[in-house]
There are 4 protein chains.
Amino acid sequence: MLKVAILGGSGYTGIELLRILSRHKSVKVEAVTSRQYKGRDVTEIFPSLRGFYDGLKFMEPADFSGIDAGFFFCAMPHGSSMEAVPGLLKNGNRVVDLSADFRIKQEKVYEEWYGAEHKAKGLLKDAVYGLPELYREKIKDAALVANPGCYPTGAILALAPLIKQGVIAAGSIVIDSKSGVSGAGRTPALETSFAEVTEGFRAYKVASHRHTPEMEEILGDICGKAVTVTFTPHLLPVERGILSTVYAGIKKPAKTPIKTPTKTNDLIESFSSFYRDEPFVRICPAGTLPNIRDVRGSNFCDIGLVKDERAGRVIAISAIDNLTKGASGQAVQNMNIMCGFNETEALDVPPL
Amino acid sequence: MLKVAILGGSGYTGIELLRILSRHKSVKVEAVTSRQYKGRDVTEIFPSLRGFYDGLKFMEPADFSGIDAGFFFCAMPHGSSMEAVPGLLKNGNRVVDLSADFRIKQEKVYEEWYGAEHKAKGLLKDAVYGLPELYREKIKDAALVANPGCYPTGAILALAPLIKQGVIAAGSIVIDSKSGVSGAGRTPALETSFAEVTEGFRAYKVASHRHTPEMEEILGDICGKAVTVTFTPHLLPVERGILSTVYAGIKKPAKTPIKTPTKTNDLIESFSSFYRDEPFVRICPAGTLPNIRDVRGSNFCDIGLVKDERAGRVIAISAIDNLTKGASGQAVQNMNIMCGFNETEALDVPPL
Amino acid sequence: MLKVAILGGSGYTGIELLRILSRHKSVKVEAVTSRQYKGRDVTEIFPSLRGFYDGLKFMEPADFSGIDAGFFFCAMPHGSSMEAVPGLLKNGNRVVDLSADFRIKQEKVYEEWYGAEHKAKGLLKDAVYGLPELYREKIKDAALVANPGCYPTGAILALAPLIKQGVIAAGSIVIDSKSGVSGAGRTPALETSFAEVTEGFRAYKVASHRHTPEMEEILGDICGKAVTVTFTPHLLPVERGILSTVYAGIKKPAKTPIKTPTKTNDLIESFSSFYRDEPFVRICPAGTLPNIRDVRGSNFCDIGLVKDERAGRVIAISAIDNLTKGASGQAVQNMNIMCGFNETEALDVPPL
Amino acid sequence: MLKVAILGGSGYTGIELLRILSRHKSVKVEAVTSRQYKGRDVTEIFPSLRGFYDGLKFMEPADFSGIDAGFFFCAMPHGSSMEAVPGLLKNGNRVVDLSADFRIKQEKVYEEWYGAEHKAKGLLKDAVYGLPELYREKIKDAALVANPGCYPTGAILALAPLIKQGVIAAGSIVIDSKSGVSGAGRTPALETSFAEVTEGFRAYKVASHRHTPEMEEILGDICGKAVTVTFTPHLLPVERGILSTVYAGIKKPAKTPIKTPTKTNDLIESFSSFYRDEPFVRICPAGTLPNIRDVRGSNFCDIGLVKDERAGRVIAISAIDNLTKGASGQAVQNMNIMCGFNETEALDVPPL
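Residues numbered from 1 in each chain as written. Chains lettered and ligands numbered in written order. Predicted model: local features only at pLDDT ≥ 70, side-chain atom pairs only at ≥ 80, totals over all residues. Heavy atoms only, no water.

## So, the pattern of salt bridges
Convention followed: Throughout this description, the term salt bridge denotes a Lys or Arg side-chain nitrogen within 4 Å of a carboxyl oxygen of Asp or Glu. Helix numbering and strand numbering both begin at the N terminus, where a helix is a DSSP run of H or I of at least 4 residues and a strand a DSSP run of E of at least 2. Remark: exposure states derive from per-residue accessible area (1.4 Å probe, protein chains only) relative to the maximum for the residue type, with buried under 20%, exposed over 50%, and partly exposed in between.
Inspection of the entire model under this criterion finds 112 salt bridges over all chains. For D:Arg186, the salt bridge identified is with B:Glu196, shortest N-O distance 3.9 Å. With D:Arg186 in the loop between strand S8 (174-179) and helix H8 (194-197) and B:Glu196 in helix H7 (residues 194-197), this residue pair bridges two chains. For B:Glu196, a relative accessible area of 22% corresponds to the partly exposed category. Among the ionic contacts, a cluster of salt bridges with common partners joins A:Glu16, A:Arg19, A:Arg240 and A:Asp321.

Here it is, written out as structure tokens:
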């Protein structure tokens, strides 16, 4: 049994890690830290877990050096992660970091968007971006995996096959995403309180959300040149789920020797082929589209495709559970890959 | 007191008309028809209205020829409206039609998207598109007003100032709209049942929704040339409200002598000026964005603006209540204009 | 125009007062105080009110002595109200206090349940409990009206006719209430955040909620003897509304000369007669039951009745909007009565 | 591998059975019938299951005689089940019936409440009521298990320890239950459509719901004498979950030699002891209460207890997922017991 520890386990990604790992055959959760809840029973704070972690108590985060574990999930806020990770790695542990701290390779971009100097620059080049559908081979050997942001996971998976084919017109990408409230974290705030959210819907951080450079860097890495996107996140009155509606203009055939996807069915075929061996990507059959309900509580990313022939645009729509494929599920998938477990272990369950 | 009648009053637009008209000083609802509920008390079907329409019963639709009313709201399904309206007008009545039947001037476009021959082509050229912010003067004298669709209302108001200025790059418009469930009507269906909708979110009729040609025709009318848009509607797990996130590329300055809006604040100023005298359009101050909650139950259209300077795109976001400004409220606004009442009568109340 | 002021106007009862008063013909809101938001525009904090209170700013609460108003709504937390009210009254103003501070006549009961000494005991005997259906005549002449709690309003109206008739068996009353989240106030807290409330339902403060003694005192006042109730509040995943399902055993006929209600229809008749002249109480016809949706945003209290003949129990179910009839609407109704306005002014609108 | 079949698999209990059984190590779903969907892929109708039942198609119900399975889940409507079950049993199969047809032993009570003659009376005495916490030993050997109703499951588990102790005063039981919308089934209806349910709450079938006699029969069986309850179901705006708030008066000590539970802590201890060995009943620690969120998607029944010492009443609150412990989860639990599998197989996962 692999002993794992969760640093910063009192947020929604923490409880989701605990929920998933309770089903894992080869893993034992040895420790969970939380400044806020230190010394209290995990099941007192998360009563849904009663019967699964009885006896486990939240530890003081500062004590993690004494944890007898070989694998760490770092679920701390960005800024804190980059202070903790170097110490963890030194002891020979392997780490999946769920914060933004190691996702962006260009430290200047990080510092511009996150407004703070990076404190572990030396680790940036070795950290692997934990999107298995694109970087599985690198993840296998990584000591440090930077778990992707929730919005980038869904948006990149909806764009990757097109980007790789090189058929998207420059500057034409618009990513219109809608996320459930759990994405905003567990700290109480007026704008995420029930009476402010129910029966409401709004955009926020339009064209200025920090996941923008993360998307652009990875999309650029796929196609080998700079990519600029317009990204608008919205807040949905649901607990879990992100639906990203992604628009991309298609290059005029004259300008590209590559066969361009001219029909919806071509798109579906092309995506199905691209993701043929992926256990967690499901391409919707023609005439159907993804719904965040159909991936709830699961590690799936469902993708639907439509060609707007009148306007010459592809519309690719992806649905994920922001806490599972968008965070903790993907983190466990990465751990499975890093540790040689079956990649779907603890994750092969249908959505609720 | 003007006597009004509502044809097809058992749907959500019907009850919304009744709700609004109960506050109207100069109007009396003389009759409401419904095939489904004929002979039953209005307040039995809509208990929220108890105390406001006691004694009023739904009539058989076929009997409307005997209704002693001078003004008709036609809230019947498209197809039925174009059969009823000619008869109503012959008797010298004035009509606001809430169906799609008289919105699209080009009968071929209607027939292509609605899949049926138009049966009252002769009325198409005289019917006025009932968006007061654009066509108020024509509405004043119209006998027949075609009340705009819910999606077009919000989308057109978000685009009109830019379209009029001629600064939008051809083919660059993407309209990503999210609507509450009441927009799907009151007829029970699996896909709008609570247990299928709650905690869900999905797109539907991507690049094929019938409101597309309506938007394109009116936007084309504003700028005097053909406009093509990509339009994606989504179903929100809320009762009321449409938020439309509208993306438009801005022409390169070289190509236009007109001063292009280069900053968010310029956009806000320009929109504020365009809608200066409009009682129901509210432009959000810098740093704030619309929320469908803030217009719920009201006739307001709130518009927020952001310039994505990195990508050279404008993002204009509008919020309306689909049953009020998107249907029955706008219908009453049109009636007020047609009948010389104060335009805001019965509509000048804050959102819930 | 009566000038009114709202003390503590930044909570949900504050915005609801502003929403209702914007429609009031004879009233002008002169001032609104808020410690949290002092100096900021009311419409910046509550964007739904844009266009109705432009220019009005929140004032520092301590400055209210300088407010030029003749009528005050005190919407401050309990404890603070009893410090402010004596000063307001001294200046000859009239006051509706929305806190719990003047609802309970027995200061010992107050101190036991609220855990603090009462600081304005001298006002207790003159404060009138502001439930117009029971105390209208006293309200007319009152300088200080204690606006009822949200739960007591619905529960007392569901029980009053039976209590007055003296047919309820001693010790048999169970009040099972379910409230929307806005009842918990606007201060952010984990237990009222969206991601914790949606798709959830739970009881809280079982048999220990502070509204219990308020109900018992008023019910006792109606029948002239002590009444004990079991009261269980629950949190509903909705914004607004309280449904109270009230159970009461009926005395055996032998023990009472009064005709006992033996059938559902008798109950409906008896309640309809009791509330015949009440503008805001609606008794549901046989076969129908109240729904919080049908009173949303309105000042109505809908009551449905069923006799469980097998078990010898009456089940009386009341629905109110906790922010309207349960708080601010009732406060305006009380002001209307105190000031000689039409009792339904600003309140005679259908629910949303 | 045990081959199982699901008759009537197109409702919410059908998909829930499929969801749960996909995790079962020792079971293979051989066939699913559905009149509505015959011939169509299961995953076309339930896209959340894509990847789990690819290739499985709904069969015509009439064909089940040819199904090669040894175990049947009958998820057909009541009335249809009693026609199908005798044939299934004749072939030596074992059956869990999820309808109401075999729950009530007294055929007259069935016929009175369900308004139809029972067509398989001969099976009533051998059918075992499938509440493992009370009837586990009988279930082991049963050929036919009548799976309990959703409301009775939660209500009976909240009352059983007290009923068994004999401390409840006669005629004092009130069961106030609140259920999610999935309990109403998957057939579209106006009263369960999203726009009618969201932000709403109401009671229905007050004192007349068909689960009443089921509760009374089982409670009577526990204590050996007739029990009458008042039962009020309500419709919650959530997808899944039932919270039952159960009130029971406690006999005066004089009247019973048994030690009566006088404090909340005594109740908790007594319930914890009663359910000590039960894998799916969790008693809430003092100071905490159940929430339907904490059992969502799981087979748990959480129970919280409070003594209202002022009124001499016990308040026992139970939470279940109506589709899991209230239907399909319990059905699988029964199958596990009947077939000698580990009782928690496929059910030992934390709630979502």
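This is not the end of the story, as more comes after the structure.
## Here's the deal with the domain arrangement of chain A
Interface extent is often summarised as the accessible area lost during association of the parts. Residue and element names in this part refer to chain A. Test applied: Domain start and stop positions are those given by an automatic or database domain assignment. What makes two residues a contact is simply this: any of their non-hydrogen atoms within 4.5 Å. The term buried area means the drop in 1.4 Å probe accessible area that two parts suffer when joined, counted for both and summed. N or O atoms within 3.5 Å of each other form a polar contact, as long as, within protein, one can give a hydrogen and the other can take it, and as long as residues adjacent in sequence are counted only when both atoms are side-chain atoms.
On domain assignment, one finds that chain A holds domain 1 (2-126) and domain 2 (151-322). On a C-alpha basis, the centres of domain 1 and domain 2 stand 27 Å from each other. Each partner contributes to the interface: domain 1 provides 16 residues, whereas domain 2 provides 13 residues. Regarding the contact of domain 1 and domain 2, the summed buried area is about 1300 Å², with carbon and sulfur atoms giving 49% of it. Of all residues in domain 1, Tyr 12, Arg 103 and Trp 113 bury the most surface against domain 2, accounting for 48% of the area lost on that side. For the pair domain 1 and domain 2, the interface holds 2 salt bridges. Between Arg 240 and Glu 16 there is a salt bridge whose closest N-O contact spans 2.5 Å. If you look at where domain 1 meets domain 2, you find 9 residue pairs in polar contact (both at pLDDT 80 or more). At the level of elements, helix H1 (12-21) and helix H4 (107-114) are the ones that each hand at least two residues to the side of domain 1 that touches domain 2.

## Overview of the interface of chain A and chain D
Facing the 27 residues of chain A at the interface are 27 residues of chain D. Overall, the association of chain A and chain D removes approximately 2300 Å² of surface from exposure, summing both partners, and the carbon and sulfur fraction of that is 57%. Looking only at chain A, the three residues that lose the most surface to chain D are A:Arg50, A:Pro350 and A:Leu352, adding up to 30% of its buried area. Counting every contact that joins chain A to chain D gives 6 salt bridges.

## Brief notes about the nonpolar core
Put simply, the rule reads: Residue types Ala, Val, Leu, Ile, Met, Phe, Trp, Tyr and Cys, when buried and joined through side-chain atoms within 4.5 Å, form a set referred to as a nonpolar core.
By size, the foremost hydrophobic cluster in this structure holds 191 residues, and its most contacted members are A:Leu21, A:Phe73, A:Ile173, B:Leu21, B:Phe73 and B:Ile173. Residues contacting A:Ile173, with those up to four places away along its chain left out, are A:Leu159, A:Ile163, A:Ile168, A:Val227, A:Thr228, A:Val229, A:Thr230, A:Val246, A:Tyr247, A:Ala248 and B:Arg313. Counting 189 residues, the second largest nonpolar core, distinct from the first, contains C:Tyr53, C:Leu56, D:Val29 and D:Phe73.

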